[in-house]
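Coordinate analysis (summary)
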Amino acid sequence: RRGDARDVAVRGPPFAPGEAALSLDGVDGMVDLGTDARLFAGGGSFTLESWIKVEAADIASKHAQIFTIGADATVERADFRVNSGTGELLFTTYGGSPSTTSGVSVADGTWKHVAVVFDAQTLTAQLYIDGQATGTAQSYAGHAPNISSAGVAYLGHAPNGASYFEGLLSEARIWGGARSAAEIA
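Keep in mind that what you see is a predicted model, and the values were worked out from it rather than measured. (Residues numbered from 1 in each chain as written. Predicted model: local features only at pLDDT ≥ 70, side-chain atom pairs only at ≥ 80, totals over all residues. Heavy atoms only, no water.)

1. Here we look at the sheet that holds strand β8 (residues 112-119)
Read across the sheet, 6 strands follow the order β1-β12-β3-β8-β9-β10 without closing on themselves; strand pairing throughout is antiparallel. Whereas interior strands pair on both sides, the edge strands pair on one side only; in this sheet they are β1 (22-25) and β10 (132-139). Strand-to-strand twist in this sheet, taken as the mean axis angle between neighbours without regard to direction, amounts to 25 degrees. Pairing between strand β3 (residues 46-53) and β8: 7 bridges, direction antiparallel. For S50, the partnering residue across the bridge sits in β8 and is V114. (Pairing = 2+ DSSP bridges. Helix = DSSP H or I, 4+ residues; strand = E, 2+ residues; numbered from the N terminus. Axes fitted to C-alpha atoms, helices over the stretch in contact; angles between N-to-C directions.)

Printed below as a string of structure tokens:
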């Protein structure tokens, strides 16, 4: 099954623990998705999604980075992660504001389908947990992501080295375009 040119080929439904999932150690485990221009949305709409399984202890003192895409320059990079301490999902542009948070922890040791949809037409980002919109859709007017193809794309890592993902990831995808709530569910 294929969405568009940016559909990342890290697949497999969240079966029993360890089956068809990436197990990342939170220390140095990650996937470098490379610099292929098809991974970068520029100033367009995009959707990032994955199944994740994270324990509260795994994020007690560090973020669990799900996706990092773009360059280390203000608003040229998108970060999607589980926030340290709270276990909430967070989406932001590097060095920019605002941030979109879920208001609900996903760090409970069970599989969660998580997604962020950035709509370039409305300049908003919306988070989803298990197919349900969560948190408040945040306006990025004045801070809209312009995901630079001069950067890199990572699954489970932020380039600053401080935010490795600890836990399990499955069916990670980068979609060109803002997927609808029905497509996320």
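Structure's up, so let's keep going.
2. Remarks on the pattern of salt bridges
All told, the structure shown has 3 salt bridges when counted by the stated rule. As a salt-bridge pair, D79 and R77 come within 2.9 Å of each other at their nearest N and O atoms. We classify D79 as buried; its relative accessible area is 4%. Residues K112 and D108 are paired through a salt bridge, measuring 3.2 Å at the closest nitrogen-oxygen approach. Among the residues examined, K112 registers a relative accessible area of 14% and is labelled buried. (Salt bridge = Lys/Arg side-chain N within 4 Å of Asp/Glu carboxyl O. Buried < 20%, exposed > 50% of the residue type's maximum accessible area, 1.4 Å probe, protein only.)

3. Some points on the packing of aromatic side chains
Following the criterion strictly, the structure yields 4 aromatic pairs and no others. Ring centres of F118 and Y140 lie 6.1 Å apart, and the angle between their planes is 90 degrees; on these two criteria the pair is classed as edge-to-face. Here Y140 lies in the loop between β10 and β11 (152-155) and F118 lies in strand β8, a separation of 22 residues in the sequence. These aromatic residues form a ring-pair network of at least three members: F46, F91, F118 and Y140. Its guanidinium or amino end placed over the ring of W175, R179 lies 3.8 Å from that ring's centre, counting from NZ or CZ. (Phe/Tyr/Trp six-rings, centres within 6.5 Å; stacked < 30°, edge-to-face > 60°. Lys NZ or Arg CZ within 6 Å of the ring centre and 35° of its normal.)

4. A look at the side chain of T134
Looking at the secondary structure, you find T134 in strand β10. What makes T134 buried here is its relative accessible area of 10%. At 2.9 Å, the side chain of T134 and the backbone oxygen of S102 are in polar contact. Among residues more than four places away in sequence, those in contact with T134 are S102, V104, Q126, L127, Y128 and I129. (Polar contact = N/O pair within 3.5 Å; in protein donor to acceptor, adjacent residues only side chain to side chain. Contact = heavy atoms within 4.5 Å.)

5. Focus: the environment of A21
When you line up the elements, A21 lands in the segment before β1. The sequence separation of A21 and E171 amounts to 150 residues, and the corresponding C-alpha distance is 7.9 Å.

6. Regarding the sheet that holds strand β7 (residues 99-105)
Here we have 6 strands laid out as an open sheet, ordered β2-β11-β4-β5-β6-β7, and antiparallel in their pairing. At either end of the open sheet lies a strand with only one pairing partner, and these are β2 (31-34) and β7. In this sheet, adjacent strand axes meet at a mean angle of 15 degrees when their direction is disregarded. The pairing of strand β4 (residues 64-70) with β11 spans 4 bridges and is classified as antiparallel. Across the sheet, residue T68 finds its bridge partner in β11, namely Y154.

7. Comments concerning the nonpolar core
Core analysis: the biggest nonpolar cluster contains 35 residues, and I52, I66, F67, F80 and L89 have the highest contact counts within it. If sequence neighbours within four positions are ignored, I66 has contacts with S50, I52, F80, R81, V82, L89, V114, Y154, L155, G156, F165 and L169. (Core = buried A, V, L, I, M, F, W, Y, C linked by side-chain atoms within 4.5 Å.)

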